[in-house]
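# Coordinate analysis (summary)
Letter by letter, the chains look like this.
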Amino acid sequence: MQTGDADVARLVHPEQGQGSRVIILVVGICALISVISVILAAVALSRPSVPNITVNGGSRQDSSGTGTTSGGNAGNVPTTGGKSVWSVAVGHDFGIHEYINTTGYVAGFHLDLINAVCAAAGTNCYPIWEPYTNCWDSEVGQHSHGGQGLLDRWYDACIGWSQTVTRLQIFGFSKPFAKNTPSYLYYKKGMTVNENDISNKVIGIIDGWSTDEKCLARQTITGSSNVTVKLASTATVLYNMIQNGQVDAGWARVEALTEFVNALTQSSNAYYCSVAGISVMTRKDSAFNAVWNMGFDKIVASGKFKQLCTDANSKHDAAKRGALQCVNT
């Protein structure tokens, strides 16, 4: 039987026409994606492959060869990648430097200094209250090491850390703003002790401080065999351990236990665990120390730093928390 044109048309599968249109649509989409990819690649190539670091005046390649420097705004603030807001970790149990006030907020000389230095540098800084161990950590039987918070970039810096041989191999430091002070052995008041013999004794140390187990072992104490070390999370906890008989003595920097010194016996021998005074501690790849040192130099030159140090002794109750020992400027 013969069929007409209309019959032939009815024999053609209806999806054949739709398939052709789908192929055309897919080809068009692929072409569009290719054009967009070319544009994005061109934009990426036009960007610098290194971070911009803004410093005082001029334009140069930085000393590491991994960044460029150029004159910037905001008072020529040194920044990395245009950064002008910085976070600084502070603690809460370090005498006149940092403590919790009667309203429950962290206060102390460190916060005053952060405000003054960052204002002079023309940048913005905000403190973050953190456990000390997130900046630097100690572990019985092991070498002390960098804290997770600073290493993992939870913040840009930690303030209030003295420069030790171990820390200098891991972190960078600003110019010291407070002196390198000695450490002592502390005993419960009224105890009969031989400070030259700590053999078979239990010694308490503050977790994260420069007065760690390794520094104690380096000291020339005549009798120091079979010493057991216990960690305290803060200076206050160490004081309580001494008073409660959990340890035979505490091993700490003078600033740590100043608030409790009248209830303790301090050894006559002084020891040092740091090679330089109290500073700001950062990762070595951070530009924050450049920012800090610029602002610090400005407040030293203007006399504001010396005034801050003088005011801190009355503002933060040096009679209770210990006198501030700023570096000589």
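The preceding data block contains the structure.
Here's what I pulled together on the structure shown here. Nothing here was measured: the structure is a model prediction, and the numbers come from that model.

### So, unusual backbone geometry
Phi is positive for Arg153, close to 65°, though the residue is something other than glycine. Mapped onto the elements of the fold, Arg153 is located in the loop between α4 (148-151) and β12 (157-163). Owing to a relative accessible area of 52%, Arg153 belongs among the exposed residues under this scheme. Its identity is not glycine, yet Asn226 carries a phi of approximately 55°, on the positive side. Using a relative accessible area of 57% as the deciding quantity, one classes Asn226 as exposed.

### Brief notes about the side chain of Glu195
Following the sequence through the fold, Glu195 ends up in the loop between β14 (183-188) and β15 (202-206). No salt bridge is formed by the buried Glu195, whose closest oppositely charged neighbour, Lys189, lies at an N-O distance of 12 Å. In this structure the side chain of Glu195 is engaged in a polar contact, spanning 2.9 Å, whose partner is the side chain of Ser268.

### Some points on the pairing of strand β16 (residues 228-232)
Summarising the sheet, β15 and β16 pair through five bridges and their orientation is parallel. Opposite Ile203, over in β16, you have Val229 as the bridge partner. The β-α-β motif built from β15, the intervening helix α6 (residues 213-218) and the parallel element β16 has right-handed crossover chirality.

### A few points about helix α7 (residues 235-243)
Taken residue by residue, α7 has Ala235, Leu238, Tyr239, Met241 and Ile242 as its buried positions. Taken down its axis, α7 places every buried residue within 160° of arc, on the same side. Looking at the buried side of α7, the elements it contacts are β6 (93-94), β14, β15, β16, β17 (249-253) and β18 (264-266). Count one or two residues on from α7 and you reach Gly245, which has phi positive near 80°.

### Things to note about the pattern of salt bridges
By the definition in use, this model includes five salt bridges. Between Arg253 and Glu255 there is a salt bridge, with its nearest N and O atoms 3.2 Å apart. In this pair, the class of Arg253 matches that of Glu255, namely buried. A single salt-bridge network, built from bridges that share partners, covers Arg153, Arg283 and Asp285.

### Some remarks on the sheet that holds strand β7 (residues 98-100)
Reading across from one edge, β6-β7-β8 is the order of the three strands in this open sheet, with antiparallel pairing throughout. With one partner strand each, in any of the chains shown, β6 and β8 (106-107) form the two edges of the open sheet. By the bridge criterion, two bridges tie β7 to β8 in an arrangement that is antiparallel. Looking at the pairing, Ile100 lines up with Val106 of β8.

### Some points on the nonpolar core
Formed by 63 residues in total, the largest nonpolar core has its most connected members in Phe109, Phe177, Leu257 and Phe305. In this structure, Phe109 is in contact with Ile96, His97, Phe177, Phe305, Leu308, Cys309, Ala312, His316, Leu324 and Cys326, ignoring residues within four places of it in sequence. Ranked by size, the runner-up nonpolar core spans 13 residues in total, among them Leu185, Ala249, Trp251 and Tyr271.

### Structural notes on helix α8 (residues 288-302)
With 15 residues, α8 ought to run about 21 Å at 1.5 Å a step, and its terminal C-alpha atoms sit 21 Å apart, in line with that. Every buried residue belonging to α8 is among Phe288, Asn289, Val291, Trp292, Asn293, Met294, Gly295, Phe296 and Ile299, and all of these are buried. Taken from the residues just after α8, Gly303 is the one with a positive phi, measuring 90°.

Reading the values: the criteria
Residues numbered from 1 in each chain as written. Predicted model: local features only at pLDDT ≥ 70, side-chain atom pairs only at ≥ 80, totals over all residues. Heavy atoms only, no water. Helix = DSSP H or I, 4+ residues; strand = E, 2+ residues; numbered from the N terminus. Buried < 20%, exposed > 50% of the residue type's maximum accessible area, 1.4 Å probe, protein only. Lys, Arg positive; Asp, Glu negative; His and termini not counted. Salt bridge = Lys/Arg side-chain N within 4 Å of Asp/Glu carboxyl O. Polar contact = N/O pair within 3.5 Å; in protein donor to acceptor, adjacent residues only side chain to side chain. Pairing = 2+ DSSP bridges. Right-handed = clockwise from strand over helix to strand, strands pointing away. Arc of directions from axis to C-beta. Contact = heavy atoms within 4.5 Å. Core = buried A, V, L, I, M, F, W, Y, C linked by side-chain atoms within 4.5 Å. Expected span 1.5 Å × (residues − 1).

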